[in-house]
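Chain by chain, the residues:
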There are 2 protein chains.
Amino acid sequence: MKTFLLTAAALLLSLTVSAQTLTSPDGNLEMVFGLSETGVPHYSLTCKGKSVINESRLGYTFKPAYVFDEGFELIDTEFNESDTVWQPVLGENKDIRDHHKELFVALRQKSTGWLLNLRFRLFDDGLGFRYEFPVQDELRHVIVKEESTEFRLTGDHKAFWLPADFDTNEFPTTTSKLSEVDSLTSEVRKEVLAAHAPAPCLAVQTPLMLKSEDGLYINIHEAALVNYPAMHLALDDRNFVLSALLAPNRNGDKVFFQTGYTSPWRTIVVSDDARDILASNLILNLNEPCKIEDTSWIKPVKYVGVWWEYFVGGGSTWSYTDNQDIIIGQTDYTKLKPHGRHGANTRHVKDYIDFAAEHGFDAVLVEGWNEGWEDNFAYHKEVMYSFTKAYPDFDVEELQRYAASKGVFLIMHHETTSSVAEYERHMHEAFQFMNRYGYPAVKTGYVGRIIPRSEYHDGQWMVNHYNRVARTAADYHIMVNSHEAVRPTGYSRTYPNWIAQESARGTEFESFKGNRPDHCTILPFTRLMGGPMDYTPGIFEGDLSVYGSNKAKLSSTLVKQLALYVTMYSPLQMAADLKENYEKYPDAFQFIKDVACDWDQSWILEAEPGDYITIARKAKGQDEWFAGAITDENARTATLDLSFLPAGKKFTATIYADGKDASWNENPKSYRICTKKVTSKTVLKLPLAPGGGAAVSIK
Amino acid sequence: MKTFLLTAAALLLSLTVSAQTLTSPDGNLEMVFGLSETGVPHYSLTCKGKSVINESRLGYTFKPAYVFDEGFELIDTEFNESDTVWQPVLGENKDIRDHHKELFVALRQKSTGWLLNLRFRLFDDGLGFRYEFPVQDELRHVIVKEESTEFRLTGDHKAFWLPADFDTNEFPTTTSKLSEVDSLTSEVRKEVLAAHAPAPCLAVQTPLMLKSEDGLYINIHEAALVNYPAMHLALDDRNFVLSALLAPNRNGDKVFFQTGYTSPWRTIVVSDDARDILASNLILNLNEPCKIEDTSWIKPVKYVGVWWEYFVGGGSTWSYTDNQDIIIGQTDYTKLKPHGRHGANTRHVKDYIDFAAEHGFDAVLVEGWNEGWEDNFAYHKEVMYSFTKAYPDFDVEELQRYAASKGVFLIMHHETTSSVAEYERHMHEAFQFMNRYGYPAVKTGYVGRIIPRSEYHDGQWMVNHYNRVARTAADYHIMVNSHEAVRPTGYSRTYPNWIAQESARGTEFESFKGNRPDHCTILPFTRLMGGPMDYTPGIFEGDLSVYGSNKAKLSSTLVKQLALYVTMYSPLQMAADLKENYEKYPDAFQFIKDVACDWDQSWILEAEPGDYITIARKAKGQDEWFAGAITDENARTATLDLSFLPAGKKFTATIYADGKDASWNENPKSYRICTKKVTSKTVLKLPLAPGGGAAVSIK
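Quick caveat, the model's predicted, so the values are computed rather than measured.

## Digging into the pattern of salt bridges
Inference 1: Going through the model one piece at a time under the given rule, you end up with 82 salt bridges over all chains.
Inference 2: Here R119 of chain B makes a salt bridge to E132 of chain B, at a shortest N to O gap of 2.6 Å. Of the two residues, R119 of chain B is situated in strand β9 (residues 115-123) and E132 of chain B in strand β10 (residues 126-133); the sequence distance between them amounts to 13 residues. Per residue, the accessibility class of R119 of chain B equals that of E132 of chain B, and both read buried.
Inference 3: Measuring nitrogen to oxygen at the nearest pair gives 2.8 Å for the salt bridge that ties E422 of chain B to R425 of chain B. Of the two residues, E422 of chain B and R425 of chain B are both situated in helix α7 (residues 420-436); the distance of three residues between them amounts to about one turn of the helix.
Inference 4: Accessibility expressed as a relative area gives 6% for E422 of chain B, which makes it buried.
Inference 5: Linked through salt bridges whose partners overlap, the residues forming this network are E102, R119, R121, R130 and E132 of chain A.

Here's what the structure looks like:
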């Protein structure tokens, strides 16, 4: 049926009655908007004369059965150009240029009189467009059945993809031709994850990274996801057509909106140089400016935590007791027998505070501090945790006093286990509790299936929830690091206190044997397109069998773990390993202690998705530079051209390199550290082991 | 399929291996519990030797496919008796006796080892029983597919019923044989109501009032509905078997629970005298005692309001402007042009405050005071109203000052239009706003379909919501009057600040030509079994054509409207008509001004469901008595035996009677008022017109 419709659409589009052309500021990209003879709106995109997106349909279908993607007439067009520079609160670059040309199109559906506007913005590095529904008397409230947006590709591109799922983005990335997605999907779907809501058709998630046979790198995603569900992409793998597949609620409804409304931007970042994809600020540029007036309290955070110990199999755990018959608000934990393996106890947290203070970290994350972990039965149980009551062995007041005395703060943890309506009931008092006890940041979690039971993680209702948490937290001067939320779309420009997200397979999956050596060479091209990731790197002891029965081994050398602090941009960076492991390798640990996580400027020096990435960055407000290079399972020599350094000066580079015999699977902890005098004319050749990396700090 | 199962069950039950008998304190009722040969738990009930409920199945089915209503063995039984007296905060009687015998049964399912307890309480006026799920290692979290509880009736009883619907209880009551329900249901379902979620099978709502051919009055309902969905009753109309049909969520799941849990009580009130049904306190007795420590702030409330004018068709309305493109939080109402018909304006509210003060009312309800009424599009729109921002022409501070100066308070109105998650987000600030501006009571509203979109009005999630509102309001010393909520089950004993509910067809339906003359002779036997109703009587001008185009006429004489203040018990009573109409009939209005709404004692003097009710009550703490008698469309003479008066004293009775020529449809406003000296030996004969009534006050 889908195929039939698409074929029919292709015929409709063939006769275009009116067309408008938009050219990128540098002239390399060209976008054409048109209306077919039957009034179907469509667009196409070329890059240096090569087709990126063939003529593709635009519009909607509404419920119950309103077609809103044909029968339009053009009533107005406007062309504009804008060239501005803005400063993010935290970022990869101090200044971001937003230079684009804009085409605004006003349409009217002849049969209904309903109005639809389209706004296209063409940058040197890609296209963004969105739908705008003006206030109008005859169309006021709408339920969207589907968005008709297509992305008609030119061929069977190589794709870096996750299967579409409305409840999770924690699949491993598969690299394959688009024509192979179908045969590989069922295998990928076997992945055991806490919640699954597979799309009902062949479909993939965004950000979708593509590489065409004629050498174009194409990234499809969205920007400014506000009051709308996440867009997945249905795949017609015979015609290589992607089309919007919005995350529904469980009743099958996709968007509820009221006219006077805009959709998120659909984004296509494109270049013949993979580095331009990583350097792109297109998605940030399409988000609204910062809405927080005073941002002085939003700061980069480097932290350690009582966290990784829960994954390695050494016995430490979130819960306090073995009793699972817990009722929050009724159970008196002081009367229960503790099992003695509770990680978040006052003494242990103090050790981490001491460690953080000694090594210059800003903060300590503590998971498992609050009541409820014994019986957090997702979806079944609505009241699972207290957000204001600590376990008996976690002394909130004493830890606040102690941390403050050491110049360190604690990061709050709010696991909701997706009991979201309940979290919203307690959000204000939870944030007030944080204010009272000096917690300026919270890690939120959304493991499992959602309550309200009509909702999926990626649907409109939950998108509104995540955004509401960020906005509400801003009122309390709280930074948010959300885990298992919908993937980001640059909204951290608007609410920069939403400092990072997980929303992909992070380091925790290393403890489930879940990540491959190429994982972190792909993430910057996919998940990170929308915003920073709390990937939690820094695992030095990659052989988990040292703790007990867990046989997992890290998919990375120790040095690659260092390089990730540069290649995986985030203003929130964890040193995730147990402190004992850092104490064993103080020289390598020095890089983590030194590395910045907020930047004046970044240089993407080498990049190929799935293969390698080399990035250098200048620390914000400091004459210090840091570089990271990583590779997949193949050894490689990274080339670090230091021409970004100020000319005519000498600097000292400290180079952290894989040992000659290093490899991710055989000898991950082999490394060498050396220093070298460098100038802007220096070109460093850095050998990377299989699954390895290199890290460089320059002063 | 259902029929087949029931027939199969009947066979299973025929061989009972163990039986326990419980007798009511007065010996008139007998309940037998047993286990069939295949371990199916069952019960039966007789009244004075007549069967009320034949052997009926007990138990559950769980999801995905666990049968938990057979294969049980008896592991323990306990018999108890209790005889206590308690005092409700507000009520029909100052003292309530709770005298019951109890049978506790502990069962174990042999195949699974899972435990199930049953608790039966037999009173002189009926039976209550509930399921109890003890904490157990092997059963912790459960999704209920269906409760197996049956009520096997002895024949084709006369029933006063509403068709089962998970979203509304605002159907008119139909009186018919059970065998006629099927053929009448589709007609009743045509009723236009704001939300509809019809049960998928032939089924009726509770409280269900039945009358058997052998003269038994049987009422089936439930008590203490907490963390559980409302029970409807599937009807097998060939075998006259009712079986529990729990309100599901939209995914079809019915209850999520964790062991260490009890179901609500299933209640069967029974007598051969209809008056005993109305006099029963069984449902209150099965609820938990009051959980509010200081109840001094919970008071009976007699009020007027800016409300009825919105229904009569005279133009006055909730909204402030004709602009429907409202976005709460963004729209600046001060910049919109008012349409000039907004009821809740300061001047008009002051007029009602003056009227309330002059005539001794406690309070003024004001609907339409807050932003959002122009575009309250249920289900589509989640953010519909502000709960803290008044329209520009409603001066919150000035009205607070003015009302306080007159010794009157304002009743807050929180219409949610069923956007419930949004209401929960703002509930605390809304209650804080009420505290700040001196509002001690709130009328809540749940018109339309629910958001979260997984939920129905009668489901577990919403039941928890209504109860949460009552509990949270108690923390703020706020009384709650909920409209369109699930019907009550006596929980106002536990949270007496939940002072009244609508949850049935109230007076507003008179403006839609929706109530029949017998309506109020049925409601006390159905809706009111669970608790007081904010019926909003007191309409003197029953011909709505006087206001404009509305052709509706009241189904009652003017005097019957007076009688309702006595026959429809509620500690919250409205004088619902426009003040101008009361000013026209000051002598009749005097009864409304005088009548109490909290009582030392009540006497049900005459009663037949669907035909007539005569009740007398003594005002709490006062030597004043009030009586009301009502009839259906047939004229009648009510007999008011005053033997409840203290003997040997003389009192003055003021009698409000229908005029000789009065009738609900021809001459509703004809009335006579006279006074008479009476003693405890007086028996008044009160003529009631068709659709009429009589009201008496005695000092």
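## Looking at the interface of chain B and chain A
Inference 1: Facing the 32 residues of chain B at the interface are 31 residues of chain A.
Inference 2: With both sides pooled, the region where chain B packs onto chain A buries about 2800 Å², and carbon together with sulfur makes up 48% of that total.
Inference 3: Of all residues in chain B, the largest losses of buried area upon contact with chain A belong to H141, D325 and R425 of chain B, amounting jointly to 21% of the total for that side.
Inference 4: Connecting chain B to chain A are four salt bridges.
Inference 5: The closest approach of N and O atoms between E424 of chain B and R425 of chain A, which form a salt bridge, is 2.5 Å.
Inference 6: There are 23 residue pairs in polar contact (both at pLDDT 80 or more) connecting chain B and chain A.

## Digging into the relation of the copies chain B and chain A
Inference 1: Note on the copies: chain B fits chain A at an RMSD of 0.0 Å, the axial shift is 0.0 Å, and the rotation between them is 180 degrees. What the rotation and shift describe, once combined, is the action of a two-fold rotation axis. Among all residues of chain B, the one whose C-alpha sits closest to the rotation axis is S454 of chain B, at a distance of 2.2 Å.
Inference 2: In this assembly, 97% of the residues forming the interface of chain B have copies in chain A that are likewise at the interface, indicating an isologous arrangement.

## Remarks on the side chain of K381 of chain A
Inference 1: As for its position among the elements, K381 of chain A is in the loop between β24 (363-366) and α6 (396-405).
Inference 2: Residue K381 of chain A is classed as buried on the basis of its relative accessible area of 6%.
Inference 3: From its side chain, K381 of chain A meets the backbone oxygen of I326 of chain A in a polar contact 2.8 Å long.
Inference 4: For K381 of chain A, the side chain forms a polar contact with the side chain of Q258 of chain B, separated by 3.2 Å.

## Topic: the environment of Y671 of chain B
All names here are of chain B.
Inference 1: When you line up the elements, Y671 lands in strand β35 (residues 671-678).
Inference 2: Separated by 101 residues in sequence, Y671 and S570 place their C-alpha atoms 25 Å apart.
Inference 3: Here the side chain of Y671 touches D587 through a polar contact of 2.6 Å, side chain to side chain.

## Some remarks on the sheet that holds strand β6 (residues 66-68) of chain A
Residue and element names in this part refer to chain A.
Inference 1: Reading across the sheet, the four strands line up as β6-β5-β11-β20 and stay open at both edges, with antiparallel pairing between neighbours. The outermost strands of the open sheet, each flanked by one partner alone, are β6 and β20 (255-258). Neighbour-to-neighbour, the strand axes of the sheet open up by a mean angle of 35 degrees, direction not taken into account.
Inference 2: In this sheet, β20 lies alongside strand β11 (residues 141-147) in antiparallel orientation, the contact comprising four bridges. Note that in β20 the partner of I143 across the bridge is F256.

## Structural notes on the packing of helix α5 (residues 346-359) of chain A against α6 of chain A
All names here are of chain A.
Inference 1: α6 packs onto α5 with a crossing angle of 15 degrees between their chain directions and a minimal axis gap of 10 Å. Taken as axis vectors, α5 and α6 run roughly parallel relative to one another. Helix-helix and strand crossings are classified by hand; for α5 and α6 the assignment is right-handed. Counted together, T346, V349, K350, I353 and D354 of α5 and E398, L399, Y402 and A403 of α6 form the full contact between these two elements.
Inference 2: Residues belonging to the contact of α5 with α6 are distributed by class as follows: five nonpolar, one polar and three charged.

## Quick word on α5 of chain A
Residues three or four positions apart in an α-helix share a direction because the helix packs 3.6 residues into each turn.
Residue and element names in this part refer to chain A.
Inference 1: An ideal rise of 1.5 Å per residue puts 20 Å on 14 residues; α5 measures up with 20 Å between its terminal C-alpha atoms.
Inference 2: Those residues of α5 that sit buried are T346, H348, V349, Y352, I353, F355, A356 and H359.
Inference 3: In this structure, the buried residues of α5 make contact with β23 (301-306), β24, α6, β25 (409-415), α11 (579-584) and α12 (586-594).

## Topic: unusual backbone geometry
Apart from glycine, the bulk of residues carry a negative phi angle, and the bulk of peptide bonds sit in the trans form.
Residue and element names in this part refer to chain A.
Inference 1: Of note, the bond from T206 into P207 is cis; its omega dihedral lies within 30 degrees of zero at -5 degrees.
Inference 2: Among the secondary structure elements, P207 is positioned in the loop between β15 (203-204) and β16 (208-211).
Inference 3: Looking along the chain, the bond that leaves I451 and enters P452 is cis, with omega of 20 degrees.
Inference 4: Positioned with a positive phi, S418 is a non-glycine residue whose angle comes to about 65 degrees.
Inference 5: Mapping S418 onto the fold places it in the loop between β25 and α7 (420-436).

About the thresholds
Residues numbered from 1 in each chain as written. Chains lettered and ligands numbered in written order. Predicted model: local features only at pLDDT ≥ 70, side-chain atom pairs only at ≥ 80, totals over all residues. Heavy atoms only, no water. Salt bridge = Lys/Arg side-chain N within 4 Å of Asp/Glu carboxyl O. Helix = DSSP H or I, 4+ residues; strand = E, 2+ residues; numbered from the N terminus. Buried < 20%, exposed > 50% of the residue type's maximum accessible area, 1.4 Å probe, protein only. Contact = heavy atoms within 4.5 Å. Buried area = accessible area lost by both parts, 1.4 Å probe. Polar contact = N/O pair within 3.5 Å; in protein donor to acceptor, adjacent residues only side chain to side chain. Least-squares fit on C-alpha atoms with pLDDT ≥ 70 in both. Pairing = 2+ DSSP bridges. Axes fitted to C-alpha atoms, helices over the stretch in contact; angles between N-to-C directions. Parallel < 35°, antiparallel > 145°, perpendicular 65-115°, else oblique. Left-handed = near helix turned anticlockwise from the far one by under 90°. Nonpolar A, V, L, I, M, F, W, Y, C, P; charged D, E, K, R; others polar. Expected span 1.5 Å × (residues − 1).

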